[in-house]
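# Architecture and fold: a report
Here's the letter readout for the chains.
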Amino acid sequence: MLVLDAGEQSNRPAHGIGGLLGHDGLAPAELHARGRAELAAYPSIEVRDVRVIGGSPQERGFMLSTADSVQVQTARVLLATGMDYAAPDLPGVAELWGATVFHCPYCHGWEVRDGALGVLGNAAATHRALLLRGWSADVVLLTDGPADLDADERGQLQRANVPVVERRVAGVRGRGGALEAVLFADGGKLPRDGLLVPAPLRQRSSLASDLGAELTERGTVDVDAFGQTTVPGLYAAGDVSSLMPQVAGAIAEGSRAAAMINGDLLVEQYGIEPMMPRRTAVPTG
Ligand SMILES: Cc1cc2nc3c(=O)[nH]c(=O)nc-3n(C[C@H](O)[C@H](O)[C@H](O)COP(=O)(O)OP(=O)(O)OC[C@H]3O[C@@H](n4cnc5c(N)ncnc54)[C@H](O)[C@@H]3O)c2cc1C
C-alpha cells in the first residue's frame, strides 16, 4: 500500500475544520499530521511526499510517474487528489480566505454568527444568501454590478430581509486578521464581519483523465456509490469526485472505496463473487 501525497490539502489556509464530528475546530495541518502518525504504525503502508505528474492505464493495472522520476506500477489506484477552489481574484481575499472570507457556511458560518455578513454573487446567489440568513439577521447580497435576479428571487430576498447592493466590488479590507469591510470601486465601503464568496472547484491536474476516468458535467470524476470510476480498478474519493465537498464526506468516501478495493483484490485472488455490485468488471490477473 503506497500513499503518494504532495501535501497541499485545499483547507490549509483555514484556522480550523468546521463540521467534523470529534474534531470540531481542529487545525487542518494537525488533522493531516495525526493521519500521518496513525499510518506510521502500519508497516505495510509506505508514504512518500511526492507529486504524481503522470499516469496511464496498463494492460494490468496502472503506471504512475512521480516528480522525482520514479515509475510506480500498481494494481489499483484510489484518486484522492482533491480540487482547486477558485476564490475570487480580489485584493485582500487571499489574506482572509478560509476564515472571515469563506466559500462554505457550514465550515465557517458559526464563527461569524450574528455578525454583519455579505454574500458576493449575482445570478444563482440567492440560495447562498438565504442559507447565510440562518447564521445572521444582517445579510447583504453584493451583486458587483447590475443584479441579474428575476422577480421570484427578488421577492425571496425581500421576504428574508436581504438587501441587494449593486455597487462594483473592488476588494476587501481586514483588520487584525479578520474582515473589516468590503471596498467598492466608487471609493465607498461597507463594514462586514464575514463574506461568503463563490469558489468554483476545478481538477488540479489531468491525472484522472490520463488514467481514463470520465468526468461529470460538474467537472468531478464520475463515480458510483462505492467510489468506482468508469475504469476498472480505478477508484476516486473526496473532493475529486464529490457532490458535496467536505472533510467528513471525504473521509467516508475514502473509507468506502478502500473497502471496495480490498474486495476487488479478494475477487481477483480467490475468484469469489463481489460482495457489492460492481460498475465494471473486476480486473483479474
Ligand atoms: C479554505 C477552505 C476551507 C475549508 N474548510 C472546511 C471546513 O471547515 N470543513 C469541511 O468539512 N470542509 C472544509 N473545506 C473543504 C475540505 O477542505 C475538502 O472537502 C477536503 O479537504 C477534501 O479532502 P480531499 O482529501 O478530497 O482533498 P484535499 O484535502 O485537498 O487533499 C488532496 C491531497 O492530494 C494531494 N494531491 C493532489 N494531486 C496530487 C498529485 N498529482 N500527486 C500527489 N498528491 C496530490 C494534495 O497535495 C493533497 O494533499 C474547506 C476548503 C477550503 C478551500
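Quick summary incoming for the structure in this document. Here the structure is a predicted model, which is why all the values come from computation and not from measurement. (Residues numbered from 1 in each chain as written. Predicted model: local features only at pLDDT ≥ 70, side-chain atom pairs only at ≥ 80, totals over all residues. Heavy atoms only, no water.)

### What about the state of the cysteines?
The following threshold applies: Criterion for a disulfide: a pair of cysteine sulfur atoms at a distance within 2.5 Å. Exposure classes here rest on a 1.4 Å probe applied to the protein chains alone. A residue is buried below 20% of its type maximum, exposed above 50%, and partly exposed in between.
On inspection of all chains with the given rule, the structure shows one disulfide. The disulfide partner of C104 is C107, and the gap between their sulfur atoms is 2.5 Å. Disulfide C104-C107: torsion about the S-S bond near 80°, hence right-handed. Both residues of the pair, C104 and C107, belong to the buried class.

### Considering the sheet that holds strand 4 (residues 62-66)
Here is the rule: Whether two strands pair depends on DSSP finding at least two bridges between them. Only DSSP runs of H or I with at least four residues qualify as helices, and only runs of E with at least two residues qualify as strands; both kinds are numbered from the N terminus onward. Fitted lines through C-alpha atoms serve as axes, helices being fitted only where they are in contact, and the angles separating the N-to-C directions of these axes extend from 0 to 180 degrees.
Across the sheet, three strands lie side by side as 3-4-5; this open sheet has antiparallel pairing. Each of the sheet's edge strands pairs with one partner strand only, and the pair in question is strand 3 (52-57) and strand 5 (71-74). Recorded for the sheet is a direction-independent mean angle of 20° between the axes of neighbouring strands. Here strand 4 runs beside strand 5; their pairing, made up of four bridges, is antiparallel. Looking across to strand 5, one finds that F62 is bridged to T74.

### Quick notes on the pattern of salt bridges
To keep it simple, the criterion reads: Each reported salt bridge corresponds to a side-chain nitrogen of Lys or Arg within 4 Å of a carboxyl oxygen of Asp or Glu.
A full pass over the atoms with the stated rule returns 14 salt bridges. Across the pair D264 and R76 runs a salt bridge, and its minimum N-O distance is 3.1 Å. Here R76 lies in the loop between strand 5 and strand 6 (77-79) and D264 lies in helix 7 (residues 247-270), a separation of 188 residues in the sequence. In terms of burial, D264 and R76 fall into one category: buried. The partner of R168 in a salt bridge is D144, and the shortest N-O contact between them spans 3.8 Å. Of this pair, R168 sits in the loop between strand 11 (164-165) and strand 12 (169-175) while D144 sits in the loop between strand 10 (139-142) and helix 5 (151-159), placing them 24 residues apart in sequence. For D144, a relative accessible area of 28% gives the class partly exposed. If you follow the salt bridges from partner to partner, you end up with R60, R76, D264 and E268 in one network.

### Observations regarding the environment of S69
Its place among the elements puts S69 in the loop between strand 4 and strand 5. For the pair formed by S69 and V52, sequence separation is 17 residues and the distance between their alpha carbons is 9.5 Å.

### A short note on the nonpolar core
Our working definition: We call a set of buried residues a nonpolar core when its members are Ala, Val, Leu, Ile, Met, Phe, Trp, Tyr or Cys and they connect through side-chain atoms within 4.5 Å of each other. What makes two residues a contact is simply this: any of their non-hydrogen atoms within 4.5 Å.
Core analysis: the largest hydrophobic core is formed by 17 residues, its most contacted members being V101, L142, V172, V182 and L195. Mapped by element, the contributors of at least two residues to this core are helix 2 (93-96), strand 10, strand 12 and strand 13 (178-184). At three residues, the largest contribution of residues to this core is made by strand 13. Those residues in contact with V172, other than ones at most four positions away along the chain, are P91, G92, V93, L96, L179, A181, V182, L183 and L195. Core analysis: the second largest hydrophobic core is formed by 16 residues, F102, W135, V162 and L196 among them.

### Topic: the layout of surface pockets
What counts is decided by this rule: Think of a 1 Å grid over just the protein atoms. A cavity is a set of points where a 1.4 Å probe fits yet cannot get out, a pocket is an open set with protein on both sides within 12 Å along at least five of seven lines, and lining residues have an atom within 4 Å of a point. Grid points are joined across faces, edges and corners, and a volume is the space filled by probe spheres set on the points. Each residue receives one of three labels: charged for Asp, Glu, Lys and Arg, nonpolar for Ala, Val, Leu, Ile, Met, Phe, Trp, Tyr, Cys and Pro, and polar for the others, Gly being one of them.
Taken as a whole, the second largest pocket spans an internal volume of roughly 560 Å³. For the second largest pocket, the lining is made up of 22 residues, of which H103, R128, A199, L201 and P245 are closest to its centre. Looking at the lining of the second largest pocket, the elements that each hand over two or more residues are helix 3 (105-108) and helix 4 (126-132). The greatest single-element share of the lining of the second largest pocket, amounting to three residues, is contributed by helix 4. When the residues that make up the lining of the second largest pocket are grouped by side-chain class, the tally is 14 nonpolar, five polar and three charged.

Scope: geometric values only; no functional claims are made or implied.
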